[in-house]
Amino acid sequence: MASLTVRQIDEALKQQLRLRAAHHGRSVEDEIRNILRDAASDTETPPAPAPGRHANEPAPVRRVLLIIGGGIAAYKSLDLIRRLKERGIAVRCILTKAAEEFITPLSAGAITGERVFSDLFDPTHEFDVGHIRLAREADLIVVAPATADLMAKMANGLANDLATAVLLAAKAKIVLAPAMNPAMWSHKATQRNLAQLAADGVTFIGPNSGEMAESGERGLGRMAEPLEIAAGVERIFKAAGAPQPLQGKRVLITAGPTHEPIDPVRYIANRSSGKQGYAIAQAAAAAGADVTLISGPVNLPKPDGVKVVSVETARDMLEAVERALPADVAIFAAAVADWRVANVGAQKIKKKAGSATPELSLTENPDILSTIAHRPSGRPSLVIGFAAETENVEANAKAKLARKGCDWILANDVSPDTGIMGGDNNTITLVTISGAEPWPPQSKEDAATMLIARISAALKGDKS
Ligand code: CTP
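Rules behind the numbers
- Residues numbered from 1 in each chain as written.
- Predicted model: local features only at pLDDT ≥ 70, side-chain atom pairs only at ≥ 80, totals over all residues.
- Near = placed C-beta within 6 Å.
- Helix = DSSP H or I, 4+ residues; strand = E, 2+ residues; numbered from the N terminus.
- Nonpolar A, V, L, I, M, F, W, Y, C, P; charged D, E, K, R; others polar.
- Expected span 1.5 Å × (residues − 1).
- Buried ≥ 20, exposed ≤ 12 C-beta atoms within 10 Å, placed from the backbone.
- Pairing = 2+ DSSP bridges.
- Right-handed = clockwise from strand over helix to strand, strands pointing away.
- Axes fitted to C-alpha atoms, helices over the stretch in contact; angles between N-to-C directions.
- Parallel < 35°, antiparallel > 145°, perpendicular 65-115°, else oblique.
- Left-handed = near helix turned anticlockwise from the far one by under 90°.
- Contact = placed C-beta atoms within 7 Å.
- Core = buried A, V, L, I, M, F, W, Y, C linked by C-beta atoms within 7 Å.
- pLDDT = per-residue confidence, 0-100.

A. Structural view of the site of the ligand. The ligand sits among 15 residues. The nearest are Phe-332, Val-336, Ile-368, Leu-369 and Gly-385. Counting only elements with at least two residues in the shell around the ligand, the list comes to α13 (368–373) and β17 (382–389). Top contributing element to the shell around the ligand by residue count: β17, with four residues. For the shell around the ligand, the per-class residue count stands at nine nonpolar, three polar and three charged.

Encoded structure:
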């Protein structure tokens, strides 16, 4: 039999496999085994296991298939993808033909990070997934916006395009977020369809009452807001008892910059936005962890279900981290100032005509990551640091891993031209004792989801 190793696969395919493996919370090797097993046993293979179906499989990330219908509210569905992904939910997308009049497959694909589906028969695509597989590989199907037309087709069992064929083939629970003009919503035909769909076990979120896209129109028919839909999806997953991979685990995260005072009005700071640490906190909470986020001064909303402790200086941060222990996992994403001013002025330093410019004398701050990683007792079982580098990223990260005594380092190139510091995207290399694994460039939310999937797998026994 021919032999093939992961090393022989080209880089682009390897990156796709890594992303896919992370989405399912599996190793790349297990992901490949699963793909081969599916392919070998034809299209009638049992579906990939959804959470809770096989206790001996690592818990996969919860998967939503989002069907976007053709309505003006389709633009809100792009935000809905983001909101679901923030919660660690993997999202696949189908666009109806009418939806493509409002948004493009390219924009939906850029946010999901996956191919977007729209044709029932796609002779041009070499990996045609097919409507049966799309239906089976979802733990939940969300239709948003659900137009009057889509609801009518569903109520009558029509299947003349990819979206309706998937809906008819689906065994997963279906959630509709209707959006239409109030006259269409209140029409007897729509209300008949609504009653039929509810009797068929479909769940509804919204519609809400308010201003319509058509000027001067108000009433019941606005699509529920993305945050409302995402919260509804979360509730449905919880009620279904979907196992949460970090349930019962305590996760401690530092994020943001620290501010080191010079005098009562001035301070030394850095360009960290806190976005990556906040995204990790949100993804960890969505995975069921009990999360404490120790945050330097940032301009970000508090993530749902996370305990936030706000601090200013590196010394405050260390104290708050020690107070938040014990933890199973500690992730140090903060850009802690390495130095502080030795003699902080009690009063504002004044300019004095003719006198010399004041000189700041600096002293080193405690290294929080190193202090926690070297704790003789009460060390979290997984200690993860970041390495912000501007050159020799991997080599510096490896040296940092050894020096700081942590288990993993997420290394990133923060040279100004990468736009990582303060930006929305991140390109990470995961450095562990056993090697370096480059992750694809991705949003900070996706990087957070990937990290949480890796942590969940590691806590099940495989630290590297
Ligand atoms: N870190 C920390 N406390 C410090 C400095 C850094 O906890 N006083 C943590 C950061 O949160 C990060 C890791 O250490 O997880 C590496 O931070 P980085 O700024 O890349 O490294 P430094 O230790 O500051 O080393 P250098 O500036 O020399 O690269």
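B. Focus on helix α15 (residues 444–459). Taking 1.5 Å of rise per residue, 16 residues should cover 22 Å, and α15 covers 22 Å from first to last C-alpha, within 8% of that figure. With 14 of 16 residues buried, α15 is to be regarded as a mostly interior element.

C. Highlighting the sheet that holds strand β5 (residues 173–178). What the six strands build is an open sheet, ordered β3-β2-β1-β4-β5-β6; its pairing is parallel. Two strands lie at the open edges of the sheet, namely β3 (116–117) and β6 (203–204), each paired on one side alone. The pairing of β5 with β6 spans two bridges and is classified as parallel. Paired with Val-175 across the strands is Thr-203, a residue of β6.

D. Representation of the pairing of strand β1 (residues 63–68). Most of β1 is tucked away: six of the six residues are buried. Across the two faces of β1 the burial is the same, with Arg-63, Leu-65 and Ile-67 and Val-64, Leu-66 and Ile-68 all buried. Judged from the six bridges that link them, β1 and strand β2 (residues 90–95) form a sheet pairing that is parallel. Across the sheet, Leu-66 pairs through a bridge with Cys-93, a residue of β2. Following the chain from β1 across helix α3 (residues 74–86) to the adjacent parallel β2, one finds a crossover that is right-handed. As paired strands, β1 and strand β4 (residues 140–146) are joined by four bridges and run parallel to one another. Residue pairing in the sheet places Leu-66 in a bridge with Val-142 of β4.

E. Spatial organisation of the packing of α3 against α15. With their axes 9 Å apart at the nearest point, α3 and α15 run at an angle of 30° to one another. With respect to their mutual orientation, α3 and α15 come out roughly parallel. When the axes of α3 and α15 are compared, the crossing they make is left-handed. Each of Arg-82, Lys-85 and Glu-86 in α3 lies in contact with α15, whose residues at this interface are Glu-445, Asp-446 and Thr-449. Here the residues of the contact of α3 with α15 are counted per class, giving no nonpolar, one polar and five charged.

F. Layout of the nonpolar core. With 63 residues, the main nonpolar core has Val-251, Ile-253, Ile-280, Ala-284 and Ile-409 as its most contacted residues. Once residues within four sequence positions are removed from consideration, Ala-284 is found in contact with Leu-246, Val-251, Ala-289, Val-291 and Ile-452. Grouped together as the second largest cluster of nonpolar side chains are 53 residues, Val-91, Ala-138, Ala-179 and Ile-229 included.

G. Structural context of the packing of α3 against helix α10 (residues 226–239). Two elements in contact, α3 and α10, have axes separated by 9 Å at closest approach and are oriented at 40°. Taken together, α3 and α10 sit at an angle that is classed as oblique. Crossing of α3 over α10 shows right-handed handedness. Contact residues: α3 offers Lys-76, Asp-79, Leu-80, Arg-83 and Leu-84, while α10 offers Pro-226, Leu-227, Ile-229, Ala-230 and Val-233. Residue classes in the contact of α3 with α10 are distributed as seven nonpolar, no polar and three charged.

H. Examining the sheet that holds strand β12 (residues 290–295) more closely. Taken together, the eight strands give an open sheet; going across it, the order is β13-β12-β9-β14-β17-β18-β20-β21, and neighbouring strands pair in mixed fashion. Sheet topology places β13 (307–310) and β21 (435–438) at the edges, where each strand pairs with a single neighbour. Between one strand axis and the next, the sheet turns through 15° on average, direction left out of account. Looking at chain direction, strand β20 (residues 428–432) and β21 are connected through four bridges and run antiparallel. Residue pairing across strands places Thr-429 opposite Pro-438, the latter belonging to β21. Across the sheet, helix α12 (residues 314–324) is in contact with β9 (250–255), β12 and β13; its angle to β12 comes to roughly 165°.

I. A look at the environment of Ala-269. One can find Ala-269 in the loop between β11 (267–268) and α11 (275–286). Distance in space between the C-alpha atoms of Ala-269 and Ala-335 is 9.3 Å, their sequence separation being 66 residues. In contact with Ala-269, not counting residues within four places along its chain, are Pro-257 and His-259.

J. Highlighting the confidence of the model for the protein chain. On average, the protein chain scores 86 in pLDDT, and the residues at 70 or more come to 87%. Predicted confidence is poor over residues 42–59, with pLDDT under 50, and the contacts of this stretch with residues over four places away or in other chains come to 27 contacts.

K. Fine view of the environment of Gln-276. Position of Gln-276 relative to the elements: it lies in helix α11. As a C-alpha pair, Gln-276 and Asp-424 span 148 residues in sequence and 8.3 Å in three-dimensional space. When residues no more than four places from it in sequence are discounted, the contact partners of Gln-276 are Ala-333, Asn-426, Lys-444 and Ala-447.

L. View of unusual backbone geometry. Going from Ala-144 to Pro-145, the amide bond is cis rather than trans, its omega being -5°. As for its placement among the helices and strands, Pro-145 is situated in strand β4. The peptide bond linking Leu-325 to Pro-326 adopts the cis configuration, its omega dihedral lying at 5°. For Asn-392, which is not glycine, the phi torsion reads 40° and is therefore positive.

M. How the structure looks around the environment of Glu-137. Note that Glu-137 resides in the loop between α5 (131–136) and β4. Taking the number of C-beta atoms within 10 Å as the measure of exposure, Glu-137 has 18 and is therefore partly exposed. In sequence terms Glu-137 and Arg-63 are 74 residues apart; their C-alpha atoms lie 7.5 Å from each other.

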